Amino acid sequence: MDSQSEVIAAFAPRFMYVKDKMLITGGRPLMGEITVSGGKNTAVAAIAATLLCDEPCTVENLPDIDDVHALNEILQSLGAQVDYVPGKYLTVDPRGVHAFRVPYALTKRLRASYYMLGALLGRGLRAEVAYPGGCDIGSRLIDQHLKGFAALGARIDDRGGMVYANAERLTGGDVFFDLVTVGGTINVMLAAVRAEGTTVMYNVAKEPHIVDLANFLNSMGARIKGAGTNVIRIRGVQHLHSTTYAVIPDQIETGTLMIAAAATRGDVTIHGCIPTHMEALTAKLLEMGVRVTENDDSIRVRPQGEQRAVNVKTQVYPGFPTDLQQPMTALLCMASGTSSVCETIFEQRFKHLDELRRMGAHIRLVDRTVLIEGVRELYGAPVTVTDLRAGAALVVAGLMAKGVTEIYEPSYIDRGYERIEDKLRRLGADIRREKL
Ligand code: EPZ
């Protein structure tokens with residue numbers, strides 16, 4: 001073991017109980033071309049939606065990530081036949097699904113397990129699903145989901161960490177969300193596509209994966225209009241037929257790679273992405289003085305001298321995505337001047353700040369705004385991942401830092417990024433994983 005690892009082993013016993021760590025030697029500009037994977041947040045919604053189909057259906061371009069694997073296990077636990085070739089396709093035959101209960105042992109692995117509520121309700125008018133797990137970034141209520149189900153005629157009972165939902169029938173109705181919720185919009189869509197009559201959903205989320213899910217369901221014969229706008233109209237149908245559908249590329253992985261390219265002052269072209277999904281980040285990078293060039297399905301990020309401090313405020317789409325708040329904070333740690341990053345969506349999405357401070361970042365948190373005083377250098381250090389996008393932030397910081405950064409609990413990162421080390425290594429990063 002080298003001297004730094006000996007110090008870590010001696011003075012940080014907590015690290016001794018995790019199974020592996022990621023090692024990054026920073027200071028190398030990322031150079032070259034990479035292709036982004038399919039979208040995590042669109043994939044988990046599409047996989048849940050396969051339960052609504054009356055025949056086998058196939059989803060392509062799924063990322064090979066733990067959240068996809070966990071959802072596949074949930075489908076199989078309910079009786080679905082699953083044919084899954086990682087990185088290629090997933091075919092789900094839901095005709096054997098007669099169960100409607102998903103226990104905490106399965107739901108605790110990912111937030112998106114709550115989509116089983118809408119899918120099982122929409123499929124068989126009954127669902128018993130334990131409250132989900134997922135990243136600890138705030139309260140993450142699901143009251144709006146339950147309100148939407150009730151508006152369609154479902155009876156909801158919420159006790160002992162379980163949600164019990166059932167209905168004689170689901171009938172179309174008006175759903176007014178009190179706040180914009182991605183999960184609530186998706187879950188109520190899943191319950192409504194086979195309801196009797198028309199459902200109109202107001203104040204809905206407009207993220208790209210909402211539109212992608214609507215397109216997927218419509219390719220099965222659903223009748224959804226307005227996805228991507230403030231109002232979604234759904235005319236319930238009796239039957240949903242087989243389809244093969246490729247999900248859109250991952251907006252957040254694209255953004256994370258763009259930020260990593262800027263952070264290392266590299267020259268990276270990201271292929272297979274959708275530049276219009278990236279506009280809020282692109283605008284901020286241009287404001288910083290980073291050179292960003294867009295083509296039909298690729299984005300090139302290059303350095304252009306000094307990177308200026310900027311102010312960021314997370315918003316629902318098409319605003320700056322909350323999922324890029326943490327990697328962006330890492331990038332701004334070495335911008336010239338003082339930046340601010342205001343997190344308006346999740347009240348506790350700040351656990352990465354302590355870890356960035358260990359690397360020499362000058363950061364203060366005032367209410368829900370991070371104030372970042374740019375420094376000339378970050379230094380490698382042992383750090384621990386607390387949630388998926390905090391992990392992305394620490395990878396970005398490790399790529400920027402002088403020396404070696406040891407990232408513990410990297411398994412969080414595997415939930416949402418497909419083989420991130422391989423992608424970064426292909427761009428010239430010195431990054432590897434080591435068993436402890
Ligand atoms: C989805 O989470 C994503 N997860 C998150 O990505 C993403 O950060 C978030 O949308 C916002 O874009 C998946 O798609 C699996 P919300 P979700 O419902 O659905 C409150 C990642 O890193 N709220 O839009 O949980 C809630 O507490 C993950 O990939 C209610 O109060 O987000 C939060 O403060 C992290 N009641 C805010 O709304 C509700 O019924 C936004 O939540 C629902 C939500």
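Placed above this text is the structure.
Structural notes, computed from the coordinates. Each chain has its residues counted from 1, following the order in which its sequence is written. Selection of residues for local features in this predicted model requires a pLDDT of at least 70, selection of side-chain atom pairs for listing and counting requires 80 or more, and totals for whole chains, interfaces and linings are taken over all residues. To get the side-chain values, take all heavy atoms of the structure and skip hydrogens and water.

Some details on the overall build of the chain
The line we're drawing: In this description a helix means any DSSP run of H or I spanning at least four residues, a strand means any run of E spanning at least two, and both kinds are numbered starting from the N terminus. Classification of residues uses two cut-offs on accessible area relative to the type maximum, computed with a 1.4 Å probe and protein chains only: under 20% is buried, over 50% is exposed, and between them is partly exposed. A contact between two residues is defined here by any heavy atoms of the two lying within 4.5 Å. What sets the accessible areas is the Shrake-Rupley method with a 1.4 Å probe; for residues, cover comes only from the shown protein chains.
Of the regular secondary structure elements, the chain holds 15 helices and 24 strands. Along the first, second and third principal axes, the C-alpha atoms of the chain reach 65 × 45 × 40 Å. When the 436 residues of the chain are sorted by exposure, 57% land in the buried category. The long-range fraction of contacts in the chain, counting pairs at least 24 apart against all pairs at least 6 apart in sequence, stands at 72%. Surface summary for the chain: the accessible area is close to 16800 Å², and the carbon and sulfur share equals 49%.

Some details on the packing of helix 7 (residues 182–192) against helix 8 (residues 208–219)
Note the following rule: To obtain an axis, a line is fitted to C-alpha atoms, over the contacting stretch when the element is a helix, and the angle between two such axes runs from 0 to 180 degrees between their N-to-C directions. Angle categories are assigned with fixed cut-offs, so that under 35 degrees is roughly parallel, over 145 is roughly antiparallel, 65 to 115 is roughly perpendicular, and the rest are oblique. Gly is placed with the polar residues, together with every amino acid not listed as nonpolar (Ala, Val, Leu, Ile, Met, Phe, Trp, Tyr, Cys and Pro) or charged (Asp, Glu, Lys and Arg).
Running from amino to carboxyl end, helix 7 crosses helix 8 at an angle of 10°, the nearest separation of the two axes being 10 Å. It follows from the interaxial angle that helix 7 and helix 8 lie roughly parallel. In this structure, helix 7 contributes Val-182, Thr-185, Ile-186, Met-189 and Leu-190 to the contact, and helix 8 contributes His-209, Ile-210, Leu-213, Ala-214 and Leu-217. In terms of residue class, the contact of helix 7 with helix 8 is made up of eight nonpolar, two polar and no charged.

Quick notes on the environment of Lys-435
Along the polypeptide, Lys-435 turns up in strand 24 (residues 430–435). C-alpha separation for the pair Lys-435 and Lys-19, spaced 416 residues apart in sequence, amounts to 6.2 Å. For Lys-435, the contacting residues outside a window of four places in its chain are Lys-19 and Asp-20.

Quick notes on the site of the ligand
The test is simple: Throughout this document, a residue counts as near a molecule or strand when at least one of its heavy atoms sits within 4 Å of that molecule or strand. Polar contacts, as counted here, are pairs of nitrogen or oxygen atoms within 3.5 Å of one another; within protein the pair requires one atom able to donate a hydrogen and one able to accept it, and residues that are adjacent in sequence qualify only if both atoms are side-chain atoms.
Close to the ligand lie 24 residues; Tyr-114, Gln-144, Thr-181, Asp-323 and Ile-345 are nearest. In this structure, Asn-41 approaches the ligand through a side-chain N or O atom, which is 3.2 Å from an oxygen atom. Here Arg-140 contributes a side-chain N or O atom positioned 3.3 Å from an oxygen atom of the ligand. The set of elements that each furnish at least two residues to the shell around the ligand consists of helix 2 (40–49), helix 6 (143–151), helix 7 and helix 13 (388–400). Per element, the largest residue contribution to the shell around the ligand is three residues, and it comes from helix 6.

Side note on the packing of helix 9 (residues 251–263) against helix 11 (residues 325–332)
For the pair helix 9 and helix 11, the least separation of the axes is 10 Å and the interaxial angle reads 5°. As the angle between them shows, helix 9 and helix 11 are arranged roughly parallel. Here helix 9 contributes Thr-256, Ile-259, Ala-262 and Ala-263 to the contact with helix 11, which in turn contributes Pro-327, Met-328 and Leu-331. The class makeup of the residues in the contact of helix 9 with helix 11 is six nonpolar, one polar and no charged.

Examining unusual backbone geometry
A cis geometry characterises the amide bond from Tyr-317 onward to Pro-318, with omega recorded as 10°. As for its position among the elements, Pro-318 is in the loop between strand 18 (311–313) and helix 11. Positive phi values are uncommon outside glycine, yet Asn-61 reaches one of about 65°. In this fold, Asn-61 is placed in the loop between strand 3 (57–60) and helix 3 (66–77).

What to know about the side chain of Asn-72
By the secondary structure assignment, Asn-72 is in helix 3. Given the relative accessible area of 4%, Asn-72 is considered buried. When neighbours within four sequence positions are excluded, Asn-72 is seen to be in contact with Ile-47, Val-82, Tyr-84 and Leu-90.

It is worth stressing that arrangement in space is one thing and function is another; only the former is reported here.
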